[in-house]
Amino acid sequence: MTATTQPTLVELLEAFLDAHKMLGKQNQAGLVVLPAEGGAFVYGVDPNGAYRSFDEKELKFLRKWDLHLDGALAKNGETVRRADMLNERRSRPEMKGWESLDASPSKSTMPPASVRGDTASNIPRIYAAVDTGDPKQAQIVLFASEFGVDAPAGSGAKTRRLDEAVLRFDVDDVTAQEIVKGNKRIKDVLKTVRSNNPQVIYYDNNRELTGRARVDHNIKTIDTLEAWLEALPARFGIKLSGTVQVGCVDILESAIGVQVEEAPGKQGATAADRLDASEKKAGRRAADPKLSKPGSQAQETMIFGAMEVDASVAGKVSVKPLHSQRYARFKTAFSAAEAAEIEARFVKFLQAAEAVLKKMV
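For clarity, every value in this text was computed on a predicted model and none was experimentally measured.

A. Quick look at the overall build of the protein chain. Secondary structure assignment for the protein chain yields nine helices and 13 strands. Its C-alpha atoms give the protein chain principal-axis dimensions of roughly 85 × 50 × 35 Å. Per-residue burial over the protein chain gives 47% buried out of 361 residues. Across the protein chain, contacts joining residues at least 24 apart in sequence account for 66% of those joining residues at least 6 apart. Mean positive and mean negative side-chain charge positions of the protein chain (51 and 49 charges, respectively) differ by 4 Å.

Structure below.
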């Protein structure tokens, strides 16, 4: 076979998967191969052709194919994300005084400096640190990942699970230094220090969604932001004051797959050699209008609001709405009617938020 008639990497992969009875076909779940610059991507699909996470059988097959994929392709992608986020946050030199706020005995202490999502069972679902990056203003930051909270009334659910939620607020330098030195615990500070100028943000990661499913997902995200706000005083005794910023971000990404790149200098090799020598890594395919889906690569919609909370009078809290911001990326992601529906739900949340803030006496 001459070099000009050699099968492409996509064709090789399809034949390879088909031989192992792993190839997805019409009305049949399995693995599919999509072209990409410099190689190809392998993804899981359901019988309808929709992209999905790999199942247990596929994971076992892919790990045997290349052991380097093992950690990145863990069955519980949410745990992998928790581990990745924790590792990234702890790598920042300005973040100090790390403390687990998780009530579970196995997660009540911070794990080693680096954790793997496919093996770690002690990653806290909520933890905190002091951000000393701004020498003029230290902040305490809470991170909640896959953390369960009570759902807001009328949402149709009993609980909500936070993908990634953050609370960030100003704290005086003396308190910050006491935490960093180990003389004070963040858990205790939360109950005794009124959190000034906080940001209460919720991030929800999901697969690509379109139409009504995407509208419903944004509404659910607002519900979960409300649940996160309500959990702060209920779970941790936190009281907020100053300019309170609230917001939620929907992040829709293409499904995780295996990126396969042709090894250089292997054009004359056998099919088995070419596949064996190819570079394989887990990843998401970037958006490319010339190629078929998946390819959203983090489509985001964001919606924010702010309120001024005055707690200067003992036993009394007043709340003044300031504004709400709808970014262009939010407006362009939906029809006018859909955007209005989501905005109406956010306005309802802001009203509920005012009631929550007023109770923080």
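B. Main features of the nonpolar core. By size, the foremost hydrophobic cluster in this structure holds 53 residues, and its most contacted members are Ile-140, Leu-142, Leu-167, Val-200, Trp-228, Leu-240 and Phe-349. Here the element with the most residues in this core is helix α6 (residues 211-236); it accounts for ten residues. The contacts of Leu-167, once residues within four sequence positions are left out, are Ile-140, Val-141, Leu-142, Pro-198, Gln-199, Val-200, Trp-228, Leu-232, Ile-238 and Leu-240.

C. Representation of unusual backbone geometry. Backbone geometry places Lys-21, a non-glycine residue, at a positive phi of 55°. Residue class for Lys-21 comes out exposed when judged on its relative accessible area of 72%.

D. Quick peek at the pattern of salt bridges. Throughout the structure, instances matching the rule amount to 13 salt bridges. For Glu-58, the salt bridge identified is with Arg-52, shortest N-O distance 2.7 Å. Side by side, Glu-58 and Arg-52 carry an identical accessibility label, which is buried. Of the charged contacts, one joins Arg-345 and Glu-226 as a salt bridge, the two residues approaching to 2.9 Å between their closest N and O atoms. Note that Arg-345 is positioned in helix α9 (residues 336-358) and Glu-226 in helix α6, a separation of 119 residues in sequence. Assessed through its relative accessible area of 14%, Arg-345 is described here as buried. Here the residues in one salt-bridge network are Arg-160, Asp-223, Glu-226 and Arg-345, joined through shared partners.

E. Structural view of the pairing of strand β1 (residues 30-36). The buried fraction of β1 amounts to six of the seven residues, a majority that puts the element mostly inside the structure. Pairing geometry for β1 and strand β2 (residues 39-45), over seven bridges, is antiparallel. Bridging from a neighbouring strand, Ala-36 pairs with Gly-39 of β2. Taking the residues that link successive antiparallel strands as the turn, the β1-β2 hairpin has two residues, and the phi of Gly-38 there is positive, at about 85°.

The rules behind each value
Residues numbered from 1 in each chain as written. Predicted model: local features only at pLDDT ≥ 70, side-chain atom pairs only at ≥ 80, totals over all residues. Heavy atoms only, no water. Helix = DSSP H or I, 4+ residues; strand = E, 2+ residues; numbered from the N terminus. Buried < 20%, exposed > 50% of the residue type's maximum accessible area, 1.4 Å probe, protein only. Contact = heavy atoms within 4.5 Å. Lys, Arg positive; Asp, Glu negative; His and termini not counted. Charge placed at Lys NZ, Arg CZ, Asp CG, Glu CD. Core = buried A, V, L, I, M, F, W, Y, C linked by side-chain atoms within 4.5 Å. Salt bridge = Lys/Arg side-chain N within 4 Å of Asp/Glu carboxyl O. Pairing = 2+ DSSP bridges.

Remember that the coordinates give geometry; whether it matters functionally is a separate question.
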